[in-house]
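Residue strings, one per chain:
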Amino acid sequence: MGEPSTTSGGVELGYAEDSPAWKLHRRYFPSKIGGFPAWLDLHSLPLPSDLQCGSCSQPMSYLLQVYAAHDGDPAGFHRTTFVFVCRKSACMKPGNSPAVRVMRCCLPRNNSFYSSEPPAYDEKLGDPVISHPLCAVCGCLGPNTCSSCKKSFYCSRAHQMLAWKSGHKEECAGIKDDEAVLKGKNMETAAIFSEYELVVEPEELEGKKEEKTEDEKMLEYQKLLMNNAPTLNDTSADELDPFYASAAKDKTFRAFQKRVKQNPEQVLRYDRGGVPLLLSDKHVPGKGVKNVSRCSCGAPRTFEYQIMPQILNYLDQEESLTEGLDFGTILVYTCSRNCHSESIKYQPEFAWVQPVQSEGRGPRVEAAMEED
Ligand SMILES: [Zn+2]
Ligand SMILES: [Zn+2]
Ligand SMILES: [Zn+2]
Ligand SMILES: [Zn+2]
């Protein structure tokens, strides 16, 4: 379920939909948003240090995961990418942001965790066990124990303190009260996002023929931008083609709006090996060291999907608008060889952030839907 097909050539869109929690458990290989990560490999989870914000060093929040198998690759029969973000807007820099982390995990069909046959949908079935303790707050690896009860585990001091303030103090002392339960709910909104199934469907476009041609021109232009990003400036853009020159000035954002307006609820665009829908002609990812870097195996990374700003409307954040998670679009690039390593089960991949166009979260997301 929710698995993007790898054979069709077109773009597929992801939507956030309510689902019973058990259907999003790891045994079903879900694509999902928020809640705890549904880990794929269960032995070698990312370390807490792998999931710290590169800017503020605090634990990042799990945003989503996309299950997308790799055709014709037996070692990648199961394949999930996980995205983590820092929720502080000050950490979310444009480009290769320190506040976004992508991890890719692959498993062969025959593995030590899951049956080689498709799972039966049954609420009563249990998940395969993870042999390491998980953080009670965020569901990531939790090597730290509550020294008092020795029953609660945490990824970090930050989450241990959050849990302590949010009801574990009472729980640890064996006190059961409703207030502690209520505090626990507050803890959830402070550390994890609301959980949804990520349902993926082909993008349907109604546009007239003429508009499509313009869309195609726009895509060509964006490809050009990305191939020349480090050197392209306004003058060289002007010389390319009058259409491209005018497009360069203000049309990227309008093209983005126009395309998104046709399916305004989309929270993700999946187009492996394709071209992202750029939000802006600033902070464009190109080739070269400062841009989309190669995988550690040496292979170039290619575009796989992008996270759309509409997802912010679903995340139920407590923070104020100036402090919470905010971005224009996050582009995810993954190893073109889909490499495997015996030692690193969760392979770091690459994310690129295009920042918001205007101030404030609510108005901007709505602006993306407005008429031209
Ligand atoms: Zn941060
Ligand atoms: Zn944690
Ligand atoms: Zn305790
Ligand atoms: Zn690789």
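Residues numbered from 1 in each chain as written. Chains lettered and ligands numbered in written order. Predicted model: local features only at pLDDT ≥ 70, side-chain atom pairs only at ≥ 80, totals over all residues. Heavy atoms only, no water.

Caption draft 1: Geometry of the sheet that holds strand β4 (residues 78-85). Taken in spatial order, the 11 strands of this open sheet run β12-β5-β4-β3-β2-β8-β1-β9-β10-β11-β13, and their pairing is antiparallel. Each edge of the open sheet is held by one strand with a lone partner, namely β12 (346-348) and β13 (350-354). Strand direction decides the pairing type here: strand β9 (residues 268-270) and strand β10 (residues 301-307), joined by three bridges, are antiparallel. Residue pairing across strands places Arg269 opposite Gln306, the latter belonging to β10. (Pairing = 2+ DSSP bridges. Helix = DSSP H or I, 4+ residues; strand = E, 2+ residues; numbered from the N terminus.)

Caption draft 2: Representation of the pairing of β4 in the model. Counting buried positions over the eight residues of β4 gives eight, a clear majority of the element. Residues His78, Thr80, Phe82 and Phe84 of β4 are buried on one face, and the alternating residues Arg79, Thr81, Val83 and Val85, pointing to the opposite face, are buried as well. Here strand β3 (residues 61-67) pairs with β4 via six bridges, running antiparallel. Across the sheet, residue Ser61 finds its bridge partner in β4, namely Val85. Relative to strand β5 (residues 100-107), β4 is paired through eight bridges, and the arrangement is antiparallel. If you follow Val85 over to β5, its bridge partner there is Val100. (Buried < 20%, exposed > 50% of the residue type's maximum accessible area, 1.4 Å probe, protein only.)

Caption draft 3: Region of interest: the UniProt feature "domain: MYND-type" (unreviewed entry) in the chain. Under the present numbering, the feature "domain: MYND-type" (unreviewed entry) in UniProt falls on residues 135-172. Structurally, residues 135-172 comprises 42% helix and 11% strand, and the distance from its first C-alpha atom to its last is 16 Å. (UniProt positions renumbered as here; feature names shortened; annotations may be inferred.)

Caption draft 4: Representation of unusual backbone geometry in the model. Although it is not a glycine, Ser57 adopts a positive phi angle of roughly 65°. Mapped onto the elements, Ser57 comes out in the loop between β2 (32-33) and β3. Accessibility expressed as a relative area gives 43% for Ser57, which makes it partly exposed. Its identity is not glycine, yet Asn338 carries a phi of approximately 50°, on the positive side. Positionally, Asn338 belongs in the loop between β11 (329-335) and β12.

Caption draft 5: The coordination of the zinc ion (ligand 1), seen in detail. Donor atoms from the polypeptide that coordinate the zinc ion (ligand 1) comprise Cys53 (SG), Cys56 (SG), Cys86 (SG) and Cys91 (SG), at 2.3 to 2.4 Å from the metal. Considering all four donor atoms around the zinc ion (ligand 1), angles at the metal cover 107 to 111° and the coordination shape is tetrahedral. In the primary sequence, the donor residues of the zinc ion (ligand 1) line up as C-x2-C-x29-C-x4-C. Of this pair, Cys53 sits in the loop between β2 and β3 while Cys86 sits in the loop between β4 and β5, placing them 33 residues apart in sequence. The exposure class assigned to Cys53 is buried, which follows from its relative accessible area of 3%. (Donors = N, O, S within 2.8 Å, 3.2 Å for Na, K, Ca; no water. Tetrahedral: all angles 85-135°; square planar, octahedral: opposite > 155°, others 65-115°.)

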